[in-house]
Amino acid sequence: MTEISLSLQSGASKQFPQGISAAAALKELVSAKECKGIVAVRCKEGLRDLSAPLMEDAVLEPVLLRSEAGLEILRHSTAHIMALAVKELYGEQVKVAIGPAIEDGFYYDFDRDKPFSPDEFEVIEAKMREMIKARLPFLRREMKREEAIAFFRERGEVYKVELLQDLDAETVSIYSQGSFIDLCRGPHVPDSSWIQVFKLLRVAGSYWRGDEKRPMLTRIYGTAFADKKDLQDYLHRLEEARKRDHRKLGKQLGLFTIQDQIGPGLILWQPRGALLRRLIEDYWKDEHYRHGYQLLYTPHIARQDMWKTSGHLDFYSENMYAPMEVEEVLYQLKPMNCPFHIGVFNAERHSYREFPIRWCELGTVYRYERTGALHGLMRVRGFTQDDAHIFCLPDQLEAEIFNIIDLNLHILRTFGFDQYDIYLSTRPEKYVGSEDHWERATQALKQALEKKGLAYQIDPGEGVFYGPKIDIKIKDQLGRSWQCSTIQVDFNLPERFQMRYTGEDGGEHQPIMIHRALMGSLERFIGVLIEHYAGAFPLWLAPEQARILNITDAQAGYCQQVYERLRTLGLRIEQDLRNEKLNYKIREAQLMKVPYMLVVGEREKEEGTVTVRRRNGENLPAMTPEAFLDLVAEECKQRQACV
Ligand SMILES: [Zn+2]
Ligand SMILES: [Zn+2]
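Below or above, wherever it landed, is the structure these notes cover. (Residues numbered from 1 in each chain as written. Chains lettered and ligands numbered in written order. Predicted model: local features only at pLDDT ≥ 70, side-chain atom pairs only at ≥ 80, totals over all residues. Heavy atoms only, no water.)

### Comments concerning the overall build of the chain
Applicable threshold: Secondary structure elements follow DSSP: runs of H or I no shorter than four residues count as helices, runs of E no shorter than two count as strands, and numbering proceeds from the N terminus. The buried label goes to any residue with under 20% of its type's maximum accessible area, the exposed label to any with over 50%, and the partly exposed label to all in between, with areas taken from a 1.4 Å probe on protein chains only. Every residue pair with non-hydrogen atoms within 4.5 Å of one another is taken to be in contact. Counting rule for charge: Lys and Arg are taken as positive, Asp and Glu as negative, and neither His nor the chain ends is counted. Lys charges are placed at NZ, Arg charges at CZ, Asp charges at CG and Glu charges at CD.
When helices and strands are tallied, the chain shows 20 helices and 33 strands. Dimensions along the principal axes, computed over C-alpha positions, put the chain at roughly 95 × 75 × 60 Å. A buried classification covers 51% of the 643 residues belonging to the chain. Within the chain, contacts between residues separated by at least 24 positions form 68% of all contacts whose residues are at least 6 apart in sequence. Positive and negative side-chain charges in the chain, numbering 86 and 96 respectively, have mean positions lying 4 Å apart.

### Concerning the nonpolar core
Note on soluble globular proteins: their nonpolar side chains tend to be buried together. What counts, and what does not: As used in this record, nonpolar core signifies buried Ala, Val, Leu, Ile, Met, Phe, Trp, Tyr and Cys residues forming a set joined through side-chain atoms within 4.5 Å.
Counting residues in each nonpolar core, the largest one holds 84 residues, and the members touching the most others are Ile401, Phe415, Ile470, Leu541 and Phe628. Sorting elements by how many residues they give to this core places helix α13 (residues 397–414) first, with eight residues. Excluding residues within four positions of it along the chain, Phe628 makes contact with Ala546, Leu566, Leu571, Tyr596, Leu598, Val612 and Met623.

### Quick word on the coordination of the zinc ion (ligand 1)
What counts here: Metal donors were taken as nitrogen, oxygen and sulfur atoms no farther than 2.8 Å from the ion, or 3.2 Å where the ion is Na, K or Ca. Water is excluded, so coordination may look unfinished. Only four donors with every angle between 85 and 135 degrees are called tetrahedral; only four or six donors with opposite donors over 155 degrees apart and all others between 65 and 115 are called square planar or octahedral, in that order; all others are irregular.
In this structure, His76 (NE2), His80 (NE2), Cys184 (SG) and His188 (NE2) serve as the protein donors to the zinc ion (ligand 1), at separations of 1.9 to 2.1 Å. Bound by four donor atoms, the zinc ion (ligand 1) shows angles of 93 to 130 degrees at the metal and therefore tetrahedral coordination geometry. Judged by relative accessible area, His76 falls into the buried class, the value being 14%. On the basis of relative accessible area, His188 is assigned to the buried category, the value being 1%.

### Describing the coordination of the zinc ion (ligand 2)
Perfect tetrahedral coordination of a metal by four donors corresponds to 109.5 degrees between them, and perfect octahedral coordination by six donors corresponds to 90 or 180 degrees. All of the protein donors around the zinc ion (ligand 2) are Cys338 (SG), His389 (NE2) and His515 (ND1); their distances to the metal are 2.0 to 2.4 Å. Along the chain, the residues donating to the zinc ion (ligand 2) fall in the pattern C-x50-H-x125-H. In this pair, Cys338 is assigned in helix α12 (residues 338–346) and His515 in strand β28 (residues 512–521), connecting sequence segments 177 residues apart. Taking relative accessible area as the criterion, Cys338 reaches 5% and is therefore assigned buried. A residue is classified by how much of its surface remains accessible, and His515, at 7% relative accessible area, is buried.

### As for the sheet that holds strand β10 (residues 171–177)
Applicable threshold: Here, a strand pair is defined by DSSP locating no fewer than two bridges between the strands. To get an axis, a line is fitted to the C-alpha atoms, and for a helix only the part in contact is used. The angle between two axes follows their N-to-C directions and goes from 0 to 180 degrees.
Ordered in space as β9-β10-β11, the three strands form an open sheet in which the pairing is antiparallel. At either margin of the open sheet sits one strand with a lone partner, and together these are β9 (139–144) and β11 (180–183). Between one strand and the next, the sheet's axes are offset by a mean angle of 30 degrees, whatever the strand orientation. Here four bridges tie β10 to β11, and the two strands are oriented antiparallel to one another. When the sheet's bridge partners are listed, Ile174 is paired in β11 with Leu183.

### Remarks on the pattern of salt bridges
Under the convention used in this document: Criterion for a salt bridge: a side-chain nitrogen of Lys or Arg within 4 Å of a carboxyl oxygen of Asp or Glu.
According to the stated counting rule, one finds 46 salt bridges in the structure shown. Ionic contacts of the salt-bridge type, sharing partners, join the residues Glu162, Asp166, Arg209 and Arg214 into one network.

### With respect to the sheet that holds strand β21 (residues 382–392)
Hydrogen bonds along the backbone pair up the strands of a sheet, which may run parallel or antiparallel. Pairing is mixed across the open sheet formed by eight strands, whose spatial order is β16-β20-β21-β28-β25-β24-β22-β23. Bordering the open sheet on either side are β16 (294–295) and β23 (457–459), each of which pairs with just one other strand. Across two bridges, the pairing between β16 and strand β20 (residues 357–366) is parallel. In the strand pairing of β20, Gln294 is matched with Trp359. Here α12 sits on the sheet in contact with β20, β21 and β28, set at roughly 140 degrees to β20. The sheet strands contacting α13 are β20, β21, β22 (420–425), β24 (469–475), β25 (481–490) and β28, and the helix crosses β28 at an angle near 10 degrees.

Interpretation note: all reported values are geometric properties and have no functional meaning in isolation.
In structure tokens, the structure reads:
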């Protein structure tokens, strides 16, 4: 009998008969106690089932159920058990599509005449528990692809047949658990009893393969955890996120609207949202001016020929909208601002003495996104990038990157984001520019990060084809990560557009180009801000900083005077002089998350003061309108998140 040698990374190693299962081998290699928490193994080929027969020498890495990979296996396996329960309950009425694990959970897409509703969760969960109790093993088997097609066709599973037809493999693996058989790569938990803590969460419509022309399926989302407490914490976080949902708050606070008649993914900013946006834009512009940038404005369309020169038609056309014809010339909406800034550069001759040149623009671009992928402000079809392009000399690159990071973190901190993950992406397989250029640019990015004392991870080969980049993901109040900032070195466009400057040596040279966006897009950033602050913006950002409320009609005239005086002095103030109970008016102002309420009764009117109430309910002593203005000015200067 052939023997194989199996070992752990820790060093433990033993000889075993060929074909032994990973589970049996682990029993010999680790303690019984440790063994209990292991759900799968990782070896050279990737993740394997515990029941997988091992045929050659290998180093095994146990995968614990509690680990990230372990939870993914658990969740994916739970999706199978949900599909089994659904098939047991509804039989041939239901066809199954796909059921992967996703971040924090899983889903399965089903095709049924009548879409599933959350009312059915109880029945499905009960059936799942029954299946879990039965300790059904997940059994793996390999089949020829053709054989599998015939197998699923006979069972009426048309979606599986289509998936198989598109697969480029001779053999495929299928898994059975109880009566349910699924096409799947695996791995899974050994048997259904491993699934103890799970919950079905919601349903959503989902087009087969994300294609609006294909059937609409019901997607049932669920999650599973290794223990109850983790599930409870997760449900609590979900509830918090639901309360902060920017689409809900956007409506409640009158910030923005999206309408079918206008078109999906196109944002209409309502007055309060527009004001919030203007405050952000003004701050952004001032900071850029202070940091040596100049502001540009450029058009929304350009000749198609220009997009040929820039390479967008070759590399980016699926994100661009169809051309329009103007006097027999084709034009296209811009998906990026870069070529326009290059146009400004190429309008004049440049000498090395002018560098670095830093140009910024709040540039509105249009990119195609599938309707199904659109999501509030986070994923839209028209958005405004807080874009900038820096043109510099090779020996200025590092210092410029350093300055960009500096400004970047300064601006993020002002908005209350002081936790982030930083990624440095290096040269991919396909690239333009010389290896030497890449090396020097990558070093410059690294040096700048290190000089700044910032921790970062390297994403090898994940750079864009035209240059290396730094991405910064910010963490919000709930600990969720959002990709916002990106800093990219570009060797491609300066070449394509023949950008030149006269060097110290009198010869013609090509400048280095850096693209960067700090917030990413105003739409998305404001979406993140709404959720980060749960709609309660700090005073410097609040579209309405204060609301003046009278107790009775007798103070209406005085209120009007105070309102006008403060508004003239620049305070963003509104008034509510309706003949309603004061408590009612206070509640409404609180719902609109107005930072300050100025309450006026007879005494205030006589003394020429206002009584100041914070949105958290805290009362400040009565003060003159001018004293209140000083208080506001001081708080805005701090730019801190306030209650
Ligand atoms: Zn599976
Ligand atoms: Zn650019």
